[in-house]
Amino acid sequence: MDKLFECVELFRVNEGLSEGENSSKGTQVQSTVTIELSCWREVDSHSTLVVVCSNDYIVIKATPANGAAVVRQLKWFETSPQHILDITMDRYGQWLACVCLDGALYLLPVVSLVLGQVPIFCFGELDDLTVILPSKKRAPPTCLAWWETMDNRHICITGSEAGELTFFDLNRHCDLLSIQFSSCIDSMQLAHKANWYTYLLINIRGGQWEHIMLEERLHEASKIHFNEASSLGFEVLSDDMVVKSLVGPKGDLNPAFKAQPVMSFNELTKLSSHDWKDSHFLGALNLKSHKFEVYHYEFDMTPNLINICQLVNRATNVIMADRLMFVISHNDDVNECTFNLNIMSWQRAVESSVQVSMSQAQAAVVQLFTIPSIGALVGFYPLHSYKGFEDSEDIGTLPPTRLGGCVVVTSTAVYQCRQMRSPESVFLELCLGSATPEKAESFAITYKLDICSLYQLAGQKKLADKKYSQALLLFDTAKCSTLEILQRFSKLGRMSELVQYLHRIVYQSETHGPKSGPKELQDLLIKCFVHQCLEIQDQYEAVAMSDKFIQFIRDQFLYNQTVALELLISCGLKEQVLELAKTHQKLSEALGLLIHYGSLCLNSSVQSSLSSRQYVESLTSVSEGVLLYLINSSTFVKFLVAMPSLIPHHMHYLRLLMPGLSIRTLVKLACLLDPYNPSICPLLKRAHSKRRNSTGSTVSSVASDGEAEPSDSPHLLTSPTLETYIELFLSVLITLNQKRRTQSSDQSLSRSSSMLGQTYTKHLVALSEGSQVVQSNPLAAGLHHAAIVMDGILYTWGSNKNGKLGHGEEEERKSQPTRVETLYMLGRQVLAVSCGAEHTIAMCQDGLFSWGGSSHGQLGHGDRLNRTRPVQIGTLADKNVVSVVCGQYHCLALDGDQRVWSWGWGVHGQLGLQSTDDRLFPVHVSVLDYKEISFIAAGYGHSAVLTSKGEVLVFGNGMYGQLGLGNSEKQSCPVVVPGLQKRTVYLIGCGNFHTVAVCTDQSVYYWGKNLQRLNPPPSSQQGNNRRGRPNHSFHNTLANSFTPQLMSGTEFDDTVTQLGIDDRRQSLGTPVPNETLRLMHESSRGVESPDVTEPSLFALDMGWQLCDFAAFGSDHVPYGQEALCAALKCLHGFYRHTPIVHQLYLTQDWTALTTIYHDAQQWSQALECALLGCTSDNASASTAGEVIKTYMDLFVSANKNHHSYSFVMCGTQMMTCLFSYWKTRGFSFTLLEGILGEHLSTLAYILSLFVGHNPALASGVSIEFHMKVVKEVQCQIGSGLPKPSDIIMSSHSKDRKVVVEMSDRDERLWSEIRRNLFGSLHKGTSVHISEQTLASLEAQVKETPNHELHPPEAIVAFSCGHSFLESQFQTKIVPEFVERAHSFFPVPIHQTLKHLQSHYKQSQFYLCACPYCVFQYLRKEQLDTGTPPSNPIHPWNP
């Protein structure tokens, strides 16, 4: 402790020479002058010290209150009878009384002799001695006391060796009476009680203590003594009291006053009388045990023990002060002529009395002085009136605390221990300096200071020094009113400190301001937060303040939300606006205000906070969803994923965003639009039903190239068609694969081979970022309660003991799942939950929240207090926790850096911290840092962890062999399970007293206790107790074993099912859950079950043979190139080719283009795209040759009429393509000749035409091959070959791209016509003909000449309602249709007319649309092209 006292030497007696017995011979001896007696009195005006020395001198030192000390020496009698045996003074220190060996009493006016002052009372001469002789010879006196009675008489009392107590009247100068005691009186002390009574405490030799009442006041009427009246609680008035004294008015003895023993004390107990705290106390010092007992003493009543203090070793004298004790103790070394003055704290001395060790008592000593002394202690007196330190104190208006002091008289000197500093100044130095708050508070407690006032004064000094944070802390510690603190800091403009202060008191259970409730404080804190967010310039400080503000908004609910919302919006604090809106369900209102104020720009953090599913509806409902167009593309896709119903309204905008989307976002979008996905099925069904309900019997119902795109408006007037959805899905796949090709170095989504065979929701995998993935656990059960997570919202039910359900109450049970409102109101997205016996832990996106019982600290909040609502575990708030599990009363957590944390019950070592102590905070299990932990599990009293290499480590209770180490010992440090070292484990689980591990080969190992065999004998727990089928009971299979046992067959199925592990749903590599489920949760709203293993019903209704596009292909990449080709093939006929082909050409996806043309049997285009792909891949000649051979085979085999115009034209285009490629690449024509030679009989005519008109491209062909071609053509002359002019015109087109697109246009048109016309054939086998139509046809037959001679006329009937006679149809209608098409259409449609004419001319099958209707549709198409016709195209009506 800091020093408050100093010990100064007042004076020392000098050594002198005295003559010896043989002085006549002139010899002298040196003798040491010592102090034999002393007396001390202290009043307000002065203090007086008198000492009697061994050389018969009396030294008097008088010190006025405001003056210098005056010392005077007086020579005393050298005769033996006048040898002074004891001295005393009156209470004013003006008269000295000495009792000598002759029994006489000598009075000396010390104040008059030293200071020249006239004493208050006069008992004799003022400049000489006054002697009072006894009336008879008495025994030598031993002690002396001065008694000033209540009636102003002054009596000196002497005790003698004979045990005689003699009373001298100083006014009459005579002895009055004497009282005889049993033995020598060693000492005596007078004790007063506020003019109510006076008694004498007498120490009789032998350790006996007696007291005798000298005088008292009592009630005259009732004769009740003062002590009796006060003990009964009466208020006693002096007006009704009379004084009764031992010495009567005439000096006679009052027989009513008799000596009585005090109480039984042993011989080693020293009693003393003390006036302390305005009361009188009796102190009993045991010289053996050094315990000092303090009694509240009332005469004629049993003393009441109030305190026991443990003093230092060899303590002999004690002075009691208000806060301290001054204790004299002798050194243990008897050879050392010193003793110690110990200043001890009452507080600490009382506390140390409980301890046996003296070291505890020594700790109560606040300051120690060593005083030299040749002889014994002469006198020890309290010091009260010293004020020399007060002028130098800087403690403001606070009065300094006077701690008192003491005067120590030794045989050689006089010392004064006095206060040199106030404890207030020392406390301020500690607060303002570098001392810890604990040290300052301990100092204040020791000296019983007004700590609040001192903290406030320290705060004012810090405020003056501009140390605002420290000042705020001091003001708060001083419990200043909230209003006072706000006024102080507001005047200085210190808003940051006000935020800190208000934040702290708002989060406390009670506020310090009696007039400022939590609501007003929260409103004020909102304004302070806003001010700080606008004023702070430093980026890091601004982020920290913003985070603190947001946390406040989430945690508090009493502030005025409407006013706060308007204030935040007006100041542009959008993140806080949206956080407040989400917390208090005011999102729509907040977004509307943002639009109203024009604050439409939302940063990435705000967009991310709004990307949750629960906020999408609010975003779309405000101002017709205009905010959706102001957010970034990835967030926009998240909104669509969360609410697929938005897709029809934003398809066009989505197409615009698509090129800028990341690979991961495109995968999510593809997953959403995938027809295999059940969440998109309602939209596809709606579009399909509309398509079916439209007119399907006419060509005009067929979708055209010019179909309008969806509107940009959020609310479409026309719903998208089925083709639009399919095209959007294919467009996403095309963009995705194009990005993968151009960004091959980017970290894209990869798909593990172990995921093969999984269901739809597991086909997407997490990003390969090298970090630990979140392990989702949506369902958990404790001993008597359960919890489940649905769509990020937590529900609990069961027993609510200790508040483990998190609903705020403790005793009520919940019989059905109830939402945990605290997490929901705070907007916390729950990822996983785990339950212990009496507690629950939820893993959210921003940390862990725990509630329930915490008898072992399992909640992780640093205490053992129960929580009835979720509270965040602060230690793990920034640790990116990915998994958490609960044991019975302990918990484990795994963070993203693969570090394990544990806390709670640790008696069995289950925390893995190499100790058995409970841990109230999460503690890092550092011993596992190098193991790359990937999975954790916890049982009743044991734990297990799994490494990424498949090792299992266990720790905790092994009583039942649940550790698998072959013994029943505890392990407080993680140990590898030896029986599994040769196996690769990928999943572990802990029951109460058993453990299960699943290996990659699907074998299951178990060890521990069988719960159906309680307390088994130790011998039965050894060996392999594997059984047969467990009768559908998992526990029957778990026989007690101490080492891992293999389970197979039926045991495997039942065991894994009970653990919640389905082999059909579990990967062969790392355990699920992983990032797959998280990504799919974002991507598939409405997909409740992950077990979708078959195509959706909608796909079956459509006749689609859908595969799982996400998992299709051998490249293990979701929606890869193979998946794109599969989608183009499976969905053929449900999308328009033109936009898809156009996009594929732009992205140069030759593989997908080849697939489209291959499926459409457009072999020339397919070959061209395939060769372009070979060019981009830099394929070899052999590879290119294989491609050419494949398509030549297909081309030849697909065409039966090898002399048709279409076959020759297509073949010519193929020759142009392959010869151009071959010549450009510089390959040898030998290989190409061999390929073409296989089909030379079919291709000879085409080759002759191509070589004749393209000599440059065919320059590399050998003469031998030319000759083979010529010979083959000669053999085919006259077989009806097409005209070379048509072929030449097609092959010499100036723009190859136009030829391809026109060919595609014609093929697309023809395909649409065929699909439309044949679309209703499956509904029936006949066409209805009305009676009117039939009658008209019969009339036409009758009009035909000689119709009776001809066979019956056939009728051609169409579903459009038109019908014709077969002869009329072939001879008139069809030729007229062809003529009109050739004559009127400005854009030729040669291929389309060829196809139509060939089909109309066949006799066994007819189209379901007649030539009239087809012509009307083609006329509309021609007019829509924008090319003005040379002649008007008139309608053609029947």
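Starting afresh in each chain, residues are numbered from 1 along the sequence in its written order. For a predicted model such as this one, the threshold for reporting local features is a pLDDT of at least 70, and the threshold for listing and counting side-chain atom pairs is 80 or more; totals across whole chains, interfaces and linings nevertheless cover every residue. Where side-chain values are given, they derive from all heavy atoms of the structure, hydrogens and water being excluded.

Caption draft 1: Examining the side chain of serine 834 more closely. In this fold, serine 834 is placed in strand β36 (residues 830-835). Whether a residue is buried, partly exposed or exposed follows from its accessible area with a 1.4 Å probe, protein chains only, as a fraction of its type maximum: under 20%, in between, or over 50%, in that order. Looking at serine 834, the relative accessible area reads 7%, which means it is buried. From its side chain, serine 834 meets the backbone nitrogen of cysteine 886 in a polar contact 2.9 Å long. In what follows, residue pairs with any heavy atoms lying within 4.5 Å of each other are defined as contacts. Dropping the residues within four chain positions of it, serine 834 is found in contact with Ala780, Thr840, Ile841, Val884, Val885 and Cys886. Here a helix means four or more residues in a row that DSSP labels H or I, a strand means two or more in a row labelled E, and each is numbered from the N terminus. The definition of a polar contact used here is a pair of N or O atoms within 3.5 Å, where within protein one atom must be able to donate a hydrogen and the other to accept one, and adjacent residues in sequence count solely through side-chain atom pairs.

Caption draft 2: Representation of the confidence of the model for the protein chain. Looking at the protein chain, the pLDDT average stands at 76 and 75% of residues meet or exceed 70. For the protein chain, per-element mean pLDDT is lowest for helix α26 (residues 1075-1083), which scores 29, and highest for strand β42 (residues 900-904), which scores 96. Each residue carries a pLDDT score, the predictor's own confidence in it, on a scale running from 0 to 100. Taken as a whole, residues 1045-1098 scores under 50 in pLDDT and shows 144 contacts with residues more than four places along the chain or in a different chain. Under a pLDDT of 50 for its full length, residues 1283-1303 has, in the predicted model, 27 contacts with residues more than four places off or in other chains.

Caption draft 3: Region of the structure containing the side chain of serine 850. Tracing the sequence through the fold places serine 850 in strand β38 (residues 847-852). A distance of 2.8 Å separates a polar side-chain atom of serine 850 from the backbone oxygen of leucine 859. A polar contact is formed between the side chain of serine 850 and the side chain of histidine 861, at a distance of 2.9 Å. The residues touching serine 850, leaving out its near neighbours within four places in the chain, are Thr840, Ile841, Leu859, His861, Arg869, Pro870, Val871 and Ile873.

Caption draft 4: Molecular detail of the pattern of salt bridges. Whenever a carboxyl oxygen of Asp or Glu lies within 4 Å of a side-chain nitrogen of Lys or Arg, that contact is scored as a salt bridge. One pass over the structure, following the stated rule, counts 27 salt bridges. Two residues, glutamate 164 and arginine 138, come together in a salt bridge whose shortest N-O distance is 2.4 Å. Taken together, the residues span a long stretch of sequence, with glutamate 164 in strand β14 (residues 164-169) and arginine 138 in the loop between β11 (130-132) and β12 (141-148) at a distance of 26 residues. Like glutamate 164, the residue arginine 138 is buried in the burial classification. Among the ionic pairs, arginine 1136 bridges to glutamate 727, the shortest N-O distance being 2.8 Å.

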